[in-house]
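A structural walkthrough
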Amino acid sequence: SSNAQQGSEVVFGGYDANHFTGQISWIPLTSATYWQIKMDSVTINGQTVACSGGCQAIIDTGTSLIAGPSSDISNMNSWVGASTNQYGEATVNCQNIQSMPDVTFTLDGKAFTIPASAYVSQSKGRI
């Protein structure tokens with residue numbers, strides 16, 4: 001629980017439709033070892049910025065990072081206006097989130113578009 005709310009829920013082997021809207025898209029695994037799938041492309045403003053021609057990807061809900069080949073990640077960072085800090089992490093000015101582009105991940109022919117508010121992890125600084 002967070003934000004002073006009480007209670008939590010975990011569901012194994014299924015899902016609770018009360019916690020989302022829309023449809024679930026089932027993407028076939030290319031390897032069950034790491035929840036690996038085929039990704040068709042990553043686009044920003046209609047331009048392919050990563051995974052040109054398709055690539056393999058791992059869906060990891062336990063991380064908040066987008067990782068990949070350095071050239072693809074550098075290109076994505078450039079498109080969204082990110083720079084790399086001294087720790088090797090891509091950073092953006094949080095005041096720019098509203099003007100940053102959506103990123104579209106195409107998986108199994110289905111486009112999943114996310115706004116900057118979903119791909120930027122906001123923090124107040126590093127200690």
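Cut-offs used in this document
- Residues numbered from 1 in each chain as written.
- Predicted model: local features only at pLDDT ≥ 70, side-chain atom pairs only at ≥ 80, totals over all residues.
- Heavy atoms only, no water.
- Helix = DSSP H or I, 4+ residues; strand = E, 2+ residues; numbered from the N terminus.
- Contact = heavy atoms within 4.5 Å.
- Buried < 20%, exposed > 50% of the residue type's maximum accessible area, 1.4 Å probe, protein only.
- Pairing = 2+ DSSP bridges.
- Core = buried A, V, L, I, M, F, W, Y, C linked by side-chain atoms within 4.5 Å.
- Phe/Tyr/Trp six-rings, centres within 6.5 Å; stacked < 30°, edge-to-face > 60°.
- Salt bridge = Lys/Arg side-chain N within 4 Å of Asp/Glu carboxyl O.

Further remarks concern the environment of V80. Considering the arrangement of structural elements, one finds V80 in helix α1 (residues 70-80). Along the chain, V80 and Q95 lie 15 residues apart, while their C-alpha atoms are 13 Å from each other. When residues no more than four places from it in sequence are discounted, the contact partners of V80 are I44, V92, M100, P101, V103 and Y119.

Turning our attention to the environment of S52. With respect to the helices, strands and loops of the structure, S52 is situated in the loop between β2 (47-50) and β3 (55-58). Look at S52 and you get exposed, because its relative accessible area is 63%. Put simply, S52 and V42 are 10 residues apart on the chain and 7.5 Å apart in space, counted from C-alpha to C-alpha.

To continue, consider the pairing of β2. Here strand β1 (residues 36-44) runs beside β2; their pairing, made up of three bridges, is antiparallel. The residue of β2 that forms the bridge with I44 is Q47. Between the antiparallel neighbours β1 and β2 lie two residues, among them N45 with a positive phi of about 50°.

Let us now look at the nonpolar core. By size, the foremost hydrophobic cluster in this structure holds 19 residues, and its most contacted members are M39, V42, M76, V80, M100, V103 and Y119. Those elements that provide at least two residues to this core are β1, β2, α1, β6 (103-107) and α2 (116-119). In terms of residue count, the dominant contributor to this core is β1 (four residues).

With that settled, the discussion passes to the packing of aromatic side chains. Under the definition given, this model contains two aromatic pairs. An aromatic cluster of three or more residues is present, and its members are Y15, F20 and W26.

Turning our attention to the side chain of T106. Locating T106 in the fold gives a position in strand β6. A relative accessible area of 15% places T106 in the buried class.

Applying the stated rule across the entire model yields two salt bridges. K38 is the partner of D40 in a salt bridge, and the nearest nitrogen-oxygen pair spans 3.3 Å. We classify D40 as partly exposed; its relative accessible area is 23%. For D108, the salt bridge is made with K110, and the minimal N-O distance between the two is 3.4 Å. Of the residues examined, K110 reaches a relative accessible area of 32% and is grouped as partly exposed.

Any link to function would need more than the numbers given here.
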